[in-house]
Amino acid sequence: MNIVLLGPPGVGKGTYAGVLSKKYQIPTISVGDLFRTAIKKQTELGKKIKGYVSSGELVPDTVVIELVKSRLEEPDCKNGYILDGYPRTVPQAEAMMKFNKIDIALNFVAPDNVIMERISGRRTCSKCGAIYHVKNMPPTIDGICDRCTGRLVQRSDEKPEVVQNRLVVYREKTKPVIEYLRKIGLVADIDADYPIEEMDKIIAQCDKYLQKLA
Ligand SMILES: [Zn+2]
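To start, this report covers the structure provided alongside it. Residue indices begin from 1 for each chain and proceed along its sequence in written order. Whole-chain, interface and lining totals are the exception, using all residues; otherwise, since this is a predicted model, local features are given only for residues with pLDDT of at least 70 and side-chain atom pairs are given and counted only at 80 or more. For side-chain calculations, the full set of non-hydrogen atoms in the structure is used, while hydrogens and water are omitted.

1. Side note on the packing of helix α2 (residues 31-41) against helix α3 (residues 44-54)
Part 1: Contact pair α2 / α3: the axes reach a minimum separation of 7 Å and the direction vectors enclose 110°. Judged by the inter-axis angle, α2 sits roughly perpendicular to α3. Taking contact as the criterion, the partners of Phe-35, Ala-38 and Ile-39 in α2 are, on α3, Gly-46, Ile-49 and Lys-50.
Part 2: Any residue that is not Ala, Val, Leu, Ile, Met, Phe, Trp, Tyr, Cys, Pro, Asp, Glu, Lys or Arg is counted as polar, Gly included; the first ten are nonpolar and the last four charged. Grouping the amino acids of the contact of α2 with α3 by side-chain chemistry returns 4 nonpolar, 1 polar and 1 charged. The axes used here are C-alpha line fits, helices contributing only the stretch in contact, and every angle between their N-to-C directions lies in the interval 0 to 180 degrees. Runs of E in the DSSP output that reach at least two residues are strands. Runs of H or I that reach at least four are helices, and both are numbered from the N terminus. Angles are sorted into four bins: roughly parallel if under 35 degrees, roughly antiparallel if over 145, roughly perpendicular if 65 to 115, and oblique for all others. Residues are treated as being in contact if the distance between any of their heavy atoms lies within 4.5 Å.

Now the structure itself:
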C-alpha cells in the first residue's frame, strides 16, 4: 500500500508514520531526510539540491521528483511505503500518479490553536538536543534538561509568530495539492485533534482506511 501523509507542521505526522510503519511493515520515507542524505553523500542530485538550499531557493519540482522516484524504486518499497513531505505541489502529485500510484493520502487535520500550542510549547536542550514540552512533557526543573542539566531553549522556528506564518504558508502551498488528490478520490481526512495520550484514536481512524487496502 502506497501511503502519502498530508498535514501541517506540528500535527504529528512523524509520530503517526512511525506507528503505521511498524504496524504495516512498510518503510517511512521523509523527503527532508532524502535531501539531507543526498547532500551528505554528494551525489549529482545532492550537489544540485545543496546549491538551491544554500541560496535559499526552493528545490525545483524536477529535482524533487527525480529524487523521490529513485528512492521508491528501491526494493524495500515493493510492498508499499509511507511518504512524508511529498507531494508538495500539483506537478509533483501528477508526476507521482504516473510513476508510482498513490493508494491513499491521509490528511491529518487539527485546529491552528492546537498546533500552535504543541509547537510553541516545545523546548530543546541546548546541550544534548533532548526535546521537552512545557505542558505535555515538562522537565523536572523548569528550563533545565533532566538528562544533562543543559539549558532548555525555544527554537526560533518554534516561536508563536513564526509558527503562525509556517501554517499560513503551508495552507497556501498545499491547498491545490489536497484539492487535486481529493478530486481523484484519494484523500482520507483524519481528525488529529487528540492529546498525545489518546493517539490510538488517531491511529484507529487510519486503520479503518488502510485495512481496506491491505
Ligand atoms: Zn540535555
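2. Thoughts on the layout of surface pockets
Part 1: Cavity: a set of points on a 1 Å grid over the protein atoms alone where a 1.4 Å probe fits but cannot get out. Pocket: an open set with protein on both sides within 12 Å along at least five of seven lines, its lining residues, like those of a cavity, having an atom within 4 Å of a point. Grid points are joined across faces, edges and corners, and a volume is the space filled by probe spheres set on the points. Within this model, the second largest pocket holds a volume of roughly 230 Å³.
Part 2: For the lining of the second largest pocket, the elements supplying multiple residues, two or more each, are α2 and α4 (61-72).
Part 3: Of the residues forming the lining of the second largest pocket, the biggest block, 4 residues, is contributed by α2.

3. Regarding the sheet that holds strand β6 (residues 131-133)
Strand pairing within a sheet occurs via backbone hydrogen bonds; the two strands may be parallel or antiparallel.
Part 1: For two strands to pair, DSSP has to find at least two bridges joining them. Sheet architecture is open: 3 strands sit in the order β6-β5-β7, paired in antiparallel fashion. Each end of this open sheet is capped by a strand with a single partner; those strands are β6 and β7 (152-153).

4. Some thoughts on the environment of Ala-110
Part 1: Counting through the fold element by element, Ala-110 comes out in the loop between β4 (104-109) and α6 (112-120).
Part 2: Ala-110 sits 82 residues away from Ala-192 along the chain, and the two C-alpha atoms are 5.3 Å apart.
Part 3: Residues within four places of Ala-110 in sequence aside, it is in contact with Val-11, Ile-115, Arg-171, Ala-192 and Asp-193.

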